[in-house]
Amino acid sequence: MRVVILPTEQEASDFAADFIEKLIIEKENAVLGLATGSSVLLTYEALIKKYQSGEMSFKNITTFNLDEYIGLQPDHTQSYRHYMNRKLFNHIDIDHKKTYIPECFNKDYESSCESYESKVRENGGIDLQLLGIGTNGHIGFNEPTSSLSSRTRVKTLTQNTIKNNSRFFENNEVQPSIAITMGIGTIMEAQNIILIGLGKHKSKAVADLQNHRNAVVVLDNLAASNLKLYDYYIHTEKMYLEYMC
Ligand code: GLP
């Protein structure tokens with residue numbers, strides 16, 4: 001696992017955006033796994049800038065989002081579909097028909113989950129999965145105790161996650177407590193993973209991370225501040241840049 005520690009949130013996010021751009025240059029019809037939340041926002045802004053300056057196109061890209069709240073219609077302002085349109089898809093040249101988010105608006109959740117998995121497979125699997133991490137270590141909505149071989153399914157959120165995400169909801173808005181999320185097993189099948197951790201409140205969660213064969217974890221200094229091997233990671237990245245690039 002490559003751990004990249006950069007001084008600021010902006011630099012960490014620019015690194016992630018460059019990483020995604022590199023992949024799309026190599027494979028213009030790449031399949032991206034995308035995340036919501038605050039950790040990925042600056043990365044999305046950087047990608048939009050790259051598109052606007054003509055550096056890259058998303059024309060042939062397919063995307064699969066990690067998760068969606070059960071109970072929110074896609075046009076609900078707190079749905080992840082709405083988030084993705086607002087924060088990324090409406091600002092780039094992606095074909096909206098090729099942007100997938102788990103469908104939570106018909107009651108047959110089991111078949112929604114199965115068809116999501118099949119769609120990922122039909123598209124050849126995920127080339128690069130972008131991840132944030134919850135303060136309790138959750139990825140997507142895979143709360144602690146999720147099986148490492150779990151697939152896309154309905155998951156009940158922990159009080160900790162509900163509380164953390166309540167900042168996005170108005171006082172009078174109903175906040176869902178269940179969601180559909182890709183499983184850890186689904187995520188682990190991605191060819192590459194890039195996880196973004198920003199801020200001191202993430203430092204405990206990132207210190208507990210596990211491995212994937214091609215995972216890059218990009219952190220700002222604050223999120224890295226609990227890492228026992230901080231100095232080693234800084235040194236290793238220097239060596240990586242010197243010998244591997
Ligand atoms: C949310 C999302 C996750 C996200 C995580 C971190 O609940 N379901 O996909 O990675 O929590 O969110 P944030 O980046 O806002 O801290």
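Just above, that's the structure.
Residues numbered from 1 in each chain as written. Predicted model: local features only at pLDDT ≥ 70, side-chain atom pairs only at ≥ 80, totals over all residues. Heavy atoms only, no water.

> I'm lost on the overall build of the protein in this one. Help?
What the protein contains, in helices and strands, is eight helices and ten strands. For 245 residues, the compact-globule estimate of 2.2 N^0.38 gives 18 Å, and the C-alpha radius of gyration of the protein, at 17 Å, lies within 12% of that figure. In terms of its C-alpha atoms, the protein occupies a principal-axis envelope of roughly 55 × 40 × 35 Å. A burial count over the protein gives 50% of its 245 residues as buried. Across the protein, contacts joining residues at least 24 apart in sequence account for 72% of those joining residues at least 6 apart. Put simply, the protein shows about 12,200 Å² of open surface, and 51% of that area lies on carbon and sulfur atoms. Here the protein carries 25 positive and 30 negative side-chain charges, and the mean point of each set is 2 Å from the other. (Helix = DSSP H or I, 4+ residues; strand = E, 2+ residues; numbered from the N terminus. Rg over C-alpha atoms; globule rule 2.2 N^0.38 Å. Buried < 20%, exposed > 50% of the residue type's maximum accessible area, 1.4 Å probe, protein only. Contact = heavy atoms within 4.5 Å. Areas by Shrake-Rupley, 256 points an atom, 1.4 Å probe, with all protein chains shown as cover. Lys, Arg positive; Asp, Glu negative; His and termini not counted. Charge placed at Lys NZ, Arg CZ, Asp CG, Glu CD.)

> Please explain the pairing of strand β9 (residues 192–197) as it appears in this structure.
For a regular strand, side chains alternate in direction, first toward one face of the sheet and then toward the other. Across the six residues that make up β9, a large majority, five, are buried. Here strand β6 (residues 128–131) runs beside β9; their pairing, made up of four bridges, is parallel. Its bridge partner lying in β9, L128 is registered against N192. Here β9 pairs with strand β10 (residues 215–220) via five bridges, running parallel. (Pairing = 2+ DSSP bridges.)

> I keep staring at the sheet that holds strand β1 (residues 2–6) and nothing clicks. Help me out?
The strands that make up a sheet pair up through hydrogen bonds in the backbone, lying either parallel or antiparallel. With parallel pairing, seven strands are arranged side by side in an open sheet as β1-β10-β9-β6-β2-β3-β5. Of all the strands in the sheet, the pair left with one neighbour each is β1 and β5 (99–100). Most of the contacts of helix α1 (residues 9–26) go to β10, to which it runs at about 155 degrees, and overall it touches β1, β2 (31–34), β6, β9 and β10. (Axes fitted to C-alpha atoms, helices over the stretch in contact; angles between N-to-C directions.)

> Any chance you could explain a nonpolar patch on the surface here in plain terms?
A contiguous nonpolar surface patch, about 360 Å² in accessible area, is contributed by M239, Y243 and M244. You can see M244 is positioned in the segment after α8 (230–243). (Patch = residues over 30% accessible without salt bridge, like charges linked within 9 Å, V, L, I, M, F, W, Y side chains within 5 Å. Salt bridge = Lys/Arg side-chain N within 4 Å of Asp/Glu carboxyl O.)

> Help me out: how do you make sense of helix α3 (residues 80–87) in this one?
Think of an α-helix as turning once every 3.6 residues; residues three or four places apart then point the same way. When α3 is considered as a whole, its buried residues turn out to be Y80, R81, Y83, M84 and N85. Here the buried face of α3 lies against β2, α2 (41–52), β3 (62–65), β4 (67–69), β5 and α5 (159–165).

> Could you clarify how one ought to interpret the pattern of salt bridges in this entry?
Oppositely charged side chains can form a pair if their charged atoms are brought close together. Enumeration according to the criterion identifies nine salt bridges in this entry. E237 serves as the salt-bridge partner of R2, at 2.7 Å between the closest nitrogen and oxygen. Taken as a pair, R2 in strand β1 and E237 in helix α8 lie far apart in primary sequence, 235 residues in all. R2 gets classed as buried once you look at its relative accessible area, which sits at 17%. Note that R151 is salt-bridged to E117, the shortest N-O span being 2.9 Å. Residue R151 is located in the loop between β6 and β7 (153–156), and its partner E117 is located in helix α4 (residues 109–122); the two are separated by 34 residues in the primary sequence. By relative accessible area, R151 is classed as partly exposed at 30%. Judged by relative accessible area, which is 8%, E117 ranks as buried.

> Sorry, what's going on with the site of the ligand here?
The full set close to the ligand counts 16 residues, and S38, S39, D67, R167 and K202 are the nearest of them. Between the ligand and H138 there is a distance of 2.9 Å, counted from an oxygen atom to a side-chain nitrogen or oxygen. One of the side-chain N or O atoms of N165 is found 2.9 Å from an oxygen atom in the ligand. Relative to its free-state accessible area of 390 Å², the ligand is covered by the protein chains to the extent of 97%. Here the shell around the ligand is composed, by residue class, of four nonpolar, nine polar and three charged. (Near = heavy atom within 4 Å. Polar contact = N/O pair within 3.5 Å; in protein donor to acceptor, adjacent residues only side chain to side chain. Nonpolar A, V, L, I, M, F, W, Y, C, P; charged D, E, K, R; others polar.)

This is a description of form; function is not addressed.
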